[in-house]
Every structure is written in C-alpha cells, then in structure tokens.
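Each chain, written out:
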Amino acid sequence: MLIAVGLWTGHDAASKWLATSYPVLVVLFWRNVFALVPAGLLVMKAGRLQRLPLRLRLLCWLRGVGGAFAYGTYVFALPLMPLADAIAVGLVAPILIIALSGWLLKERLHWSCWIAVLVGLGATLFIVRPGGDIPLLGAVLLLGGSTLYAFLMVLTRHIGPSVEGATLNWHTSCATLAIMTLGIPIVFVWPPLDDLPIFMLVGLITGVANFFMIQAFRLAPAPTVAPFEYSAILWAILFGVLIWGEVPSWSVIGGASVLITCGLFIMRREGREKVTA
C-alpha cells in the first residue's frame, strides 16, 4: 500500500504539471491509454486472464467506470490549488472507506472508531469551509471524487476474494479508457515529443499503482489498509515545494493533521481488537 500511495502522489504531481498546458480530458485519455501497457504485462505475468461470470465482470467494469469519474474529478481539481491542499482534502477518503466498510461489508468497528470517523469528517469540513484557502469548485470536485473513490475501494474489497488482482486491474483499465474516449469529440491532442515521456510516465504509474492498491484491498481489511494513504501528504508537500514552490497553509496542515491522527487511531484500535480476539 505504501508503494501504491507513493506512486499515486507522483502521478498527481505529473498530472498537475500536464494539466497546466493541456486540456484535462486529453491528460486523462492518454493516461489511460498508456496504463494498458503495465496492466497487460501483469496479465501476461499471471499467465492468464481469469474467466469471470457475467456478474463479476460487470462489477469489475463498474469499478472502472467509477474510477474514471473519481480520478477525473480529482485531476480537474489539481490545477485549481496547490498539490498538498488537494491531497489534504483527499485524506478524507480513508475515513470514508473505514466508515463504509463497517456499514456495507459489516467489518466491525469499535464505538471509539466511529467517533474518530466523525472527528475526521469535521476536520475535512474545516479544510474546505467557505472562505478558506481552497476554492469552492475544487472542494466540491475533491469531495465528490473522494466519496466515489471510497465506494470503489469497498467494492474492491468485496469482489477481491473472487477476482485475481491482474484480472481486476485489466478490466478496470479497459473500462476507464472506454469512458475517457468519450471526450475525444470534445477535445483531442497528440502528445508532442517533448512531453510524451511525461504522458507515458503518468500512464505507466497509473497501471502499476492501481494494481498495488487492488492487491492491498484484496488481501487486508479496509480499516487496516486505508490509513496508509496518509503518507501521501508528505510526498505532496515535497513535490509541491520542489516543483511549484507551493507551501500549504496552516489551516490545511492543521486539518490534515487531525485527519491523520483519526486514521492512525482507528488503525491502532482495530489492530488491538484483532490481537485480543
């Protein structure tokens, strides 16, 4: 999971860089074209594409379609604010994953964990409050994308025991690309040679990071895996300072710190429950 989070943060930085020069729909389309390369190689390494009943195949494609909108809204928001601010709002996703896993997957949570979930949601509302440092449109896009992302990770946990990681990654990548092709009639640009390596890098990172994240949620309970996403804020601050000279505001840092504390508390509490069970 730590590998996946590091890769996704690099993906976000590269996407933000491209989105300042190219339409976001173009960035998203080529991102998913090149993402098929590692997805296909992982299927070849696995030796086969798992045969799935129609129900599971539709759920895999539902995950891909949802991912197109979740990551699409996120990339649309990136040019509107510093990278660390966007990541800080996205930190609500692990809290939502934990809450949804308790509700939808019946993964039992102690009452104190539910209090931590509510505190984390309050910290998110503080970060995106009207008149704060994050523009309203960016806040709406990020909160919508984070909520959808949380549902998708719970779905991954649900179907994970029945679908192999490489197969789920392939179907997800194909479904996401199918959605992104709908943007071609609106705007289309061939990547120039100067920026082609960055487009390829974003796509390759997408394919590999998506596989690692799928494996993490397939193999471990969501409340255990989700808090590791908090490491993203450290990478985001580093990339933001080095590339754009962006320094997150104290309100964003404060809200993100509360979110991280809540997530780590839940992880520690759930780990203790498993030891004593």
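If you're wondering where the values come from, they're calculated on a predicted model, not measured in any experiment.

Novice: Where do I start with the environment of Ile 198 in this structure?
Specialist: Along the chain, Ile 198 turns up in helix H9 (residues 196–219). A relative accessible area of 23% means that Ile 198 is categorised as partly exposed. Note: C-alpha distance between Ile 198 and Ile 3 (195 residues apart in sequence) is 20 Å. Apart from residues no more than four positions distant in its own chain, Ile 198 is found in contact with Ala 14, Trp 17 and Leu 18.

Novice: Would you explain helix H2 (residues 24–46) in this entry?
Specialist: Side chains of residues three or four places apart in an α-helix project in the same direction, reflecting 3.6 residues per turn. Under the 1.5 Å per step criterion, the end-to-end length of H2 is 33 Å for 23 residues, consistent within 8% with the ideal 33 Å. Gly 47 sits one or two positions beyond H2 and adopts a positive phi of about 95 degrees.

Novice: Sorry if this is basic, but what is going on with the nonpolar core here?
Specialist: What tends to happen in soluble globular proteins is that the nonpolar side chains get buried as a cluster. Core analysis: the biggest nonpolar cluster contains 35 residues, and Ile 87, Ile 95, Ile 127, Leu 142 and Ile 266 have the highest contact counts within it. Take this core: its biggest share by element is 6 residues, from helix H4 (residues 83–90). Beyond its immediate chain neighbours, meaning those up to four positions away, Ile 87 contacts Asp 12, Tyr 74, Ala 232, Ile 233 and Ala 236.

Novice: Mind showing me how you'd approach the packing of aromatic side chains here?
Specialist: Centre-to-centre distance and the angle between the planes together describe a pair of aromatic rings. Under the counting rule described, the total for this entry stands at 9 aromatic pairs. For the ring pair Phe 29 and Trp 30, a centre distance of 5.1 Å and an interplane angle of 75 degrees mean the geometry is edge-to-face. On the numbers, 5.3 Å between centres and 85 degrees between planes, the contact of Phe 188 with Trp 190 is edge-to-face. Classification of Phe 188 as partly exposed rests on a relative accessible area of 34%. One aromatic cluster is present, formed by Phe 29, Trp 30, Phe 34, Phe 188 and Trp 190 through successive ring pairs. Note that Lys 16 overlies the ring of Trp 244, its terminal NZ or CZ placed 5.3 Å from the centroid.

Novice: Sorry if this is basic, but what is going on with the layout of surface pockets here?
Specialist: Regions of empty space are outlined by a rolling probe, equal in size to a water molecule, passed over the atoms. Roughly 180 Å³ of volume is contained in the largest pocket. Looking at the largest pocket, the residues that line it are Leu 25, Ala 68, Phe 69, Gly 72, Thr 73, Phe 76, Leu 141, Ile 179, Met 180, Leu 182, Gly 183 and Ile 186. Within the residue set of the lining of the largest pocket, elements represented by two or more residues are helix H3 (54–77) and helix H8 (165–180). A per-element tally of the lining of the largest pocket places H3 first, with 5 residues.

Novice: Teacher, can you tell me more about a nonpolar patch on the surface here?
Specialist: Residues Trp 17, Trp 235, Leu 238, Val 241, Leu 242, Ile 243 and Val 247 make up a contiguous nonpolar surface patch of about 700 Å² in total accessible area. Mapped onto the secondary structure, Trp 235 falls in helix H11 (residues 232–244). Looking at Trp 235, the relative accessible area reads 40%, which means it is partly exposed.

About the criteria used
Going along each chain's sequence as written, the residues are numbered from 1 onward. Totals for whole chains, interfaces and linings use every residue, but because this is a predicted model, local features are given only for residues with pLDDT of at least 70 and side-chain atom pairs only at 80 or more, for both listing and counting. For the side-chain quantities, the full set of heavy atoms in the structure was used; hydrogens and water were omitted. Numbering goes from the N terminus for both helices and strands, where a helix is a DSSP run of H or I of at least four residues and a strand is a run of E of at least two. In this scheme, a residue with accessible area under 20% of its type's maximum is buried, one over 50% is exposed, and one in between is partly exposed, where area comes from a 1.4 Å probe on protein chains only. Note on definitions: a residue-residue contact is assigned when non-hydrogen atoms from the two residues lie within 4.5 Å. To estimate the expected span of a helix, subtract one from its residue number and multiply by 1.5 Å. Definition of nonpolar core: a set of buried residues of the types Ala, Val, Leu, Ile, Met, Phe, Trp, Tyr and Cys, connected through side-chain atoms within 4.5 Å. Any two of the Phe, Tyr and Trp rings considered here, Trp counted by its six-membered ring, make a pair once their centres fall within 6.5 Å; the pair's planes then place it as stacked at under 30 degrees, edge-to-face at over 60, or tilted in between. In this scheme, the term charge over a ring applies when either NZ of a lysine or CZ of an arginine sits within 6 Å of the ring centre and within 35 degrees of the ring normal. In this analysis, the protein atoms alone were mapped onto a 1 Å grid. Cavities are point sets where a 1.4 Å probe fits without being able to get out; pockets are open sets with protein on both sides within 12 Å along at least five of seven lines; lining residues have an atom within 4 Å of a point. Grid points are joined across faces, edges and corners, and a volume is the space filled by probe spheres set on the points. Patches here: salt-bridge-free residues with over 30% relative accessible area, like charges joined within 9 Å, nonpolar side chains (Val, Leu, Ile, Met, Phe, Trp, Tyr) joined within 5 Å. Here the Shrake-Rupley method, with its probe set to 1.4 Å, supplies the accessible areas, and only the displayed protein chains count as covering residues. Salt bridge, as applied in this entry: a Lys or Arg side-chain nitrogen positioned within 4 Å of an Asp or Glu carboxyl oxygen.

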